[in-house]
Amino acid sequence: MHDLVIFDCDGVLVDSEVISNQVLVENLAGYDLHLTLPECMSLFVGGTMVGVRDKARAMGADLPEGWIDQVYAETYDRLRAGVPLVPGVSELLAALDQNSIPFCVASNGSPDKMKITLGQNGLWDRFKDVMFSAHVLGTGKPDPRMFKLAAQHFEAYAPVVIEDSENGVTAATRAGMRCLAYAPNGGGDRLADLGAEVITHMSQAHQLLGL
């Protein structure tokens, strides 16, 4: 039995990736970098915004200083309009509670972003004191440090990570942790190749976690 479940936030707890990437598509188009939504998600999901900025500049976007603050403001405004929980998350958290298995969130996203997305879904109070953010730690996935710090915090010996991105799966495997990869819309083969066990609905996690 696992003694800690580490959740990614965007795309795992809350269904926010499409919304956030649509904002990116619209923003980058204003700087003459024209991407489709699938292209944008393939390029940027699971990364940090610094990484997004640098990659977009390398692709020819003339992004100004202060662009990160600009795109965060646009993204937060769109997320405040409403972002749903990933289907099955509430039931999974309830099952973890019933089995007295602690859980936390570890994200490349900022605490401000998580407060918006988790707050409107009633999860902020459950995660606010067990939140690990690349913005606070100064290092993000695929670096495994965030996951290792989470395990140390809980004195966990058998943690499992639930992720949806290549960077996240890579960080989990580098940390020596089992990883379930949530891939509801395809793309699971890439994550499996990195060492993850792929699920397409959160209900599948119950059996894999022995709940």
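Scroll up a little and you will see the structure.
All of these numbers come straight from a predicted model, not from anything done at the bench. (Residues numbered from 1 in each chain as written. Predicted model: local features only at pLDDT ≥ 70, side-chain atom pairs only at ≥ 80, totals over all residues. Heavy atoms only, no water.)

**Regarding the layout of surface pockets**
Approximately 670 Å³ is the volume found for the largest pocket. If you trace the largest pocket, you find 30 residues lining it, with Met41, Val45, Asp164, Ser165 and Arg190 closest to the centre. Of all the secondary structure elements, the ones that give two or more residues to the lining of the largest pocket are α1 (17-29), α2 (37-44), α3 (49-58), α10 (166-174) and α11 (188-193). Residue contributions to the lining of the largest pocket peak at five residues, all from α2. The residue makeup of the lining of the largest pocket, split by class, is 13 nonpolar, 10 polar and seven charged. (1 Å grid on protein atoms, 1.4 Å probe; cavity = no way out; pocket = protein on both sides within 12 Å on 5 of 7 lines; lining within 4 Å. Points joined across faces, edges and corners; volume = space filled by probe spheres on them. Helix = DSSP H or I, 4+ residues; strand = E, 2+ residues; numbered from the N terminus. Nonpolar A, V, L, I, M, F, W, Y, C, P; charged D, E, K, R; others polar.)

**Here we look at the side chain of asparagine 27**
Summarising the element assignment, asparagine 27 is placed in helix α1. In terms of polar contacts, asparagine 27 uses its side chain to reach the side chain of tryptophan 67, at 2.7 Å. Each residue touching asparagine 27, except ones within four places of it in the same chain, is listed here: Trp67, Gln70, Val71 and Glu74. (Polar contact = N/O pair within 3.5 Å; in protein donor to acceptor, adjacent residues only side chain to side chain. Contact = heavy atoms within 4.5 Å.)

**Focus: the packing of aromatic side chains**
The geometry of an aromatic ring pair is captured by the separation of the ring centres together with the interplanar angle, meaning the angle of the planes. Applying the stated criterion across every chain, the model contains four aromatic pairs. Seen in terms of ring centroids, phenylalanine 103 and phenylalanine 127 are 5.3 Å apart; in terms of plane orientation they differ by 50 degrees. Their pairing is tilted. Taken together, the residues phenylalanine 103 in strand β2 (residues 103-107) and phenylalanine 127 in helix α7 (residues 124-127) connect sequence positions 24 residues apart. Given the relative accessible area of 9%, phenylalanine 103 is considered buried. Residue phenylalanine 127 is classed as buried on the basis of its relative accessible area of 0%. (Phe/Tyr/Trp six-rings, centres within 6.5 Å; stacked < 30°, edge-to-face > 60°. Buried < 20%, exposed > 50% of the residue type's maximum accessible area, 1.4 Å probe, protein only.)

**Concerning the sheet that holds strand β4 (residues 159-163)**
The strand order across the open sheet built from six strands is β3-β2-β1-β4-β5-β6, with neighbouring strands paired in parallel fashion. With one partner strand each, in any of the chains shown, β3 (131-133) and β6 (197-199) form the two edges of the open sheet. Across the sheet, the mean angle from the axis of one strand to that of its neighbour is 25 degrees, orientation sign disregarded. Of the pairings in the sheet, the one linking β4 to strand β5 (residues 178-182) comprises four bridges and is parallel in character. When the sheet's bridge partners are listed, valine 161 is paired in β5 with cysteine 179. (Pairing = 2+ DSSP bridges. Axes fitted to C-alpha atoms, helices over the stretch in contact; angles between N-to-C directions.)

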